[in-house]
Every structure is written in structure tokens, then in C-alpha cells.
Amino acid sequence: MPSRPALTTWLPFLGWPRPDRTLLRGEFWAGMTVGLMLVPQGVAYAQLAGMPLITGMYASLIPMLVAVLWGSSVRLGVGPTALTSLLTGTSLVGLAQPGSAHWVTLAVWLAILCGLLQALLGVVRFGWLLSLVTSPVLNGFTQAAALLIVISQLPALLGLTASWHDVLAAPSWRLLDGHAAAFGLASLALLWLAQRWRRNFPAAIVVIAITAAASWLLGFAAHGGKVIGTLPQGLPHPFLPGWLSWDEFGALVMPVMVITLVSFLETASSAKVDHAQGGTRWNQNQDLIAHGLAKVSSGLCGAFPTSASFSRSALNLYAGAQTGWATLFAFALVLAALLWLVPLLFHVPQSVLAAVVIVAIKGLIKPMSMLRVWRLSRVESVTGLLTFAVTLLSAPRMYWGVLIGLLVNLSHFLYQRLHPRIIEVGLHADGTLRDRQLWRLPPLAGDVLALRMDAALDFASATALEKRVSDELASRPGVRHLCLFAQPINRIDVTGVEAFVRLQLLMQSRGGLFHVSGLKLPVEKTLQAAQALKASGHLVVHRTDAQAISALASAAHAVA
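How each quantity is defined
Residues numbered from 1 in each chain as written. Predicted model: local features only at pLDDT ≥ 70, side-chain atom pairs only at ≥ 80, totals over all residues. Heavy atoms only, no water. Helix = DSSP H or I, 4+ residues; strand = E, 2+ residues; numbered from the N terminus. Buried < 20%, exposed > 50% of the residue type's maximum accessible area, 1.4 Å probe, protein only. Pairing = 2+ DSSP bridges. Axes fitted to C-alpha atoms, helices over the stretch in contact; angles between N-to-C directions. Contact = heavy atoms within 4.5 Å. 1 Å grid on protein atoms, 1.4 Å probe; cavity = no way out; pocket = protein on both sides within 12 Å on 5 of 7 lines; lining within 4 Å. Points joined across faces, edges and corners; volume = space filled by probe spheres on them. Disulfide = S-S within 2.5 Å. Phe/Tyr/Trp six-rings, centres within 6.5 Å; stacked < 30°, edge-to-face > 60°. Lys NZ or Arg CZ within 6 Å of the ring centre and 35° of its normal. Parallel < 35°, antiparallel > 145°, perpendicular 65-115°, else oblique. Left-handed = near helix turned anticlockwise from the far one by under 90°. Nonpolar A, V, L, I, M, F, W, Y, C, P; charged D, E, K, R; others polar.

**Student:** Mind showing me how you'd approach the environment of A213 here?
**Tutor:** By secondary structure assignment, the location of A213 is in helix α9 (residues 203-218). Overall, A213 belongs to the partly exposed group, its relative accessible area being 37%. A sequence separation of 21 residues divides A213 from W192, and the C-alpha atoms of the two residues are 20 Å apart.

**Student:** I'm lost on the sheet that holds strand β5 (residues 448-453) in this one. Help?
**Tutor:** Think of a sheet as strands paired side by side through backbone hydrogen bonds, with each pair either parallel or antiparallel. Taken together, the six strands give an open sheet; going across it, the order is β4-β3-β5-β6-β7-β8, and neighbouring strands pair in mixed fashion. Single-partner strands in this sheet number two, and they are β4 (433-435) and β8 (539-542). Direction aside, neighbouring strands of the sheet carry axes that sit 30 degrees apart on average. Sheet topology note: the strand β6 (residues 481-485)/strand β7 (residues 513-517) ladder contains five bridges and is parallel. Residue L484 lies in a different strand from β7, and its bridge partner there is V516. Contacting β6, β7 and β8, helix α20 (residues 494-509) crosses the sheet at an angle of about 140 degrees to β7.

**Student:** In this structure, what is going on with the pairing of β5? I would like to understand it.
**Tutor:** Remark: a regular strand shows side chains that alternate across the two faces of the sheet. Of all six residues in β5, six are buried, a share of seventy percent or more. Of the two faces of β5, both are covered, the one formed by V448, A450 and R452 as well as the one formed by L449, L451 and M453. The pairing of strand β3 (residues 422-427) with β5 spans three bridges and is antiparallel. When the bridges of β5 are listed, I422 appears paired with M453.

**Student:** Would you mind showing me how to read the layout of surface pockets here?
**Tutor:** Here the largest pocket defines a volume of roughly 1,400 Å³. Lining the largest pocket are 48 residues, with F310, S311, G363, L364 and K366 sitting closest to its centre. Broken down by element, the residue count for the lining of the largest pocket peaks at six residues, all from helix α10 (residues 246-278).

**Student:** It is not clear to me how the state of the cysteines should be interpreted in this structure. Could you clarify?
**Tutor:** Disulfides are covalent bonds that connect the sulfur atoms of two cysteines. Tallied over the full model, the rule gives zero disulfides. As a non-bridged cysteine, C114 has C301 as the owner of its nearest cysteine sulfur, 16 Å distant. Given a relative accessible area of 0%, C114 falls into the buried group.

**Student:** Just checking my understanding: could you explain the packing of aromatic side chains for this structure?
**Tutor:** Applying the stated criterion across every chain, the model contains 14 aromatic pairs. Linked through ring pairs, W109, W243, W246 and F249 together constitute an aromatic cluster. Positioned over the ring face of W439 is R434, at 4.6 Å from the centre of the ring.

**Student:** Explain the packing of helix α8 (residues 178-197) against α9 here, please?
**Tutor:** A pair of packed helices is captured by two measures, namely the crossing angle of their axes and the spacing between those axes. Direction vectors running N to C along α8 and α9 enclose 155 degrees, while the axes themselves pass 10 Å from each other. Relative to α9, the element α8 is oriented roughly antiparallel. In terms of crossing hand, the pair formed by α8 and α9 is right-handed. Contacts between α8 and α9 pair F183, S187, L190, L191 and A194 from the former with A203, A204, V207, T211, A214, S215 and L218 from the latter. Each residue belonging to the contact of α8 with α9 can be placed in one class, and the counts come to nine nonpolar, three polar and no charged.

Spelled out as C-alpha cells, the structure:
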């Protein structure tokens, strides 16, 4: 029989603390707070994804349960999010009509394929791939996506009855539904004020209730106003999507990769905060599996890809959630809403849903963060700005922003690897070895070239080191001692070994000595295995920098 630690590895919910009355009381109120926010957000995000509105609640139910039972971060608010909903909607433009049966099928396949890819990455322990997307790239993408979300919601918020092109070509108040705009702008103001007053107040559901009552009293729907309307009541039925053509599967490849990446980066940003507050270690591979299964379950319910919401996760922590029991209470509330409360949403104006989306994503818009990055690294700042610009210009194919940012970032990383920092060192007055040019230090000796490379000696850096040595020796024919201070070199590959041997032969051809100081054990073992450290009259290995400096000084005196 498997031990309990082994079982909790695969079934993390078995490790939850046994609840008592005090714990359950706190978890109940935290769960109610998140659940009351999730119901209106789920419906609003379904509209953003171009899906039938009820699928937003389907995506809020089973996926939340799957993620909390199998995830290592039990206080995350899993369900529909603004970014994944927008990516879903924009990725399917041109493939089907929004809201149609084929659109739903495509969105379901997106959820299933994203979930399977994410779960596979977790199974093979590929959580480290998250490191490929840097903070500036993610920041540039989320800022642009947030701006696009706001722009996409303005027509519904203001009750526009025409396209932006028609409005800009012939502005007229007749193109505006005044009642819808009043509902939307009033809701926007109330939600914003409520957030400033008390973060954990379930303002969204209160505003939804107030506007639904006002809409019913004014007969907004009867006069042609756009409302949520009739939604199917009850639990979601199993949904098995029809098979797509190979061309359609090909069109989903890029969106699947980007949604998988972006959604888990959303998860990572929330999970790191969760575990930092709880003093626990984040198991990113377990969360990859759990949130992948959550996406698959969302698709099998006929809904769209889910993720971890930063705003709902932060609200869960702020409301005092301690364990996954809070999420189970939120699940119960969404379940009750599906079973009994859906008819109450009939009269809610769609402009109110737009206000809910805009307020939910306003925290993603942080223009000052670009300036802070500029002060730290202009290259990374330019990368973030390029990601921002490409994301905006490539809409609705927004994933090009992430891919271009990722490509530029990897190119910069490769450039740095190909151009490592190689300095000639001199002895500073405090006894340390420092950059001779920067600190205006004399050489260790007149016939000595002392170099230090702050990088691994591998295929990327070997050519740069050999070129630097060759250039220095060509300009200084009197050099007889080449010393490589190798302590910063923590890895060497076959190309590096070959370069190391060529440096020995170069000094041998000049009748000089090649000194190596401070070799680390992994590097030394590799060189010994390659027989590159054999006793020779042209190679001297020093254990410490102090020994190397002393030996070089003695050699200089001997020549003098």
C-alpha cells in the first residue's frame, strides 16, 4: 500500500489540514467573497471570448474544483480570466462566427489542447520553460492586451449601435444607446469606488443586482436594450467536440502554445505570492498538471481555456483564505448560482458586463513600470516596448507580440553568450584582482597577459576568448606568460576543451608558459578526462590566485 507522502504527491488534497469550526468559518467567508466576484466575471469573460454567456459559469465550476484538488497552490482563483478569454476570442477570428456552434467547437479544442500540453509539460518536469519569458516581455504583452480589452469593451460599455469606423466617419448621438451608456458608466464608477473603499467587498455582484433591478423596473429589455437574456439553467453536460480539419488544427497550433504559456505565467505570478506568504515551496510542475487538467475539464464542459486570476487570487488571500476549503465554498456558490440563480441575470445590461471586465483588468495597466525598467536595462526596456507595439499592431493575432518578444529576448541572451566579459586583470591596492583598464592598474608583470572571463568556457564563448588572446599577443610581442584566472568558469564543454588545448599550443609556439588559476572541480575533471592537464613544460596549474600571482612575480624577477 502506498505511503501517505507518496499519495499526497499525486493527490495533494490529502495533505490538507483537518478542518475545525474556526478554520471553516474563515474559509466560508473567503470562499463566498471570491464566488460572488466569480459569477459576474465568468459571464463577462465569456462575452469577451465570443462564447455563449453561460459557458463562463461552466468554466468557473469544474475547472476550479480540479485545480484545487490536484494543484500545489490551493488558494488561487482558477477560472475564466481576461487575458485567456481575450486570447481565445482573438485567436478564433476568421475561423468561425463568434458564438456559433463551430466557434464553440474551436474554443473547446483550444481548451483541451492547451490543457493536454500544459499537463504534459508538468509530467516531464518542464516547468523551467517559464524562465524563457522575462518580466519585460510579459509586462509589454499584458499592458497591450489590457489596452485591447478596454478598447474591445468600449462599444458595449457606451451602448454603441455601429462600428468604430462608422462612429469616427460620422459622429452622432444617434449611434449611442443612452440608457446602456448610463448603466455602463454608472456601474464603472460604482465598481471603481468600491475597489478604493474596500477590496474584499463583493462589489461586482452588488452592482449586478442593482442594475438588474433598475433594468427590470425601467423595461430596458422591452425597449430593445441589450441584456444578458435567458441562460440555460442547471449543470453543464459533457461536451465532446467534433473533429476539425487539419487546416483548422494547424491554425490552432500557435494560439495553443501562447495561451498555454501566458496562462501559466498568470498562474506563476499568483502562486509565487501565495507560497511566499505561506512560507511554502512552490511545486510548479504539479500546478502545470493541475491547471492543465482544469483546462481539459473546461473544454469537456463546452467552455473555453481557464487560468489563475491574479485579482481573484489576491482577493482570496486578502479575505483570509488558509487552505483549499475556501475554494470548495466558492465552488458551492457557483454551483448554487447555476442551479437556481441564473434566471436572476436575465435583465442585467450587457454594458454592465463591460464595466465588470474593465475594472477587473485595470490593475494590469501600469505605464510607469516601463520607465522603471528603462532605468535598469535599456535593452530589456526596448524588448518590452517592442512586445507592446507588436501585440497592438498584430491584433487580433496578438500571440505575435509574445513570440517576437521571446525571439528578441533569446537573441539578446545569445549575443551576450557569444560576447562574454573578458578583462585583463591587475593587482588592486586592496589585494584583489580587478579590471586593469577600468582601475588604471599596471600589468602583473611586463611579459604577462593576465585574463579573466566571466562565463562558461563553451561553444558560445570559446571563440571570443581565443580571439582576445590572439589580438593581445599580436599587439604585445613581448608577452611570455599567459595566465587565465579561471575561477568564474563553472562549466566547460568539448569546444571549450579544444580551445584550452589550442591556447597551450599557442604559448608553446611562442616559447612561453600557459598559467591556469583556480580551476573548479567540474572543469578540472573534464580537462583531466580529455588529458588536457598533462604535465608539460608549457602548462602551469595554480590552485589559488595568490599562488598564481606569486609565481608570475617570481618569473618576472627571474627574467629581470
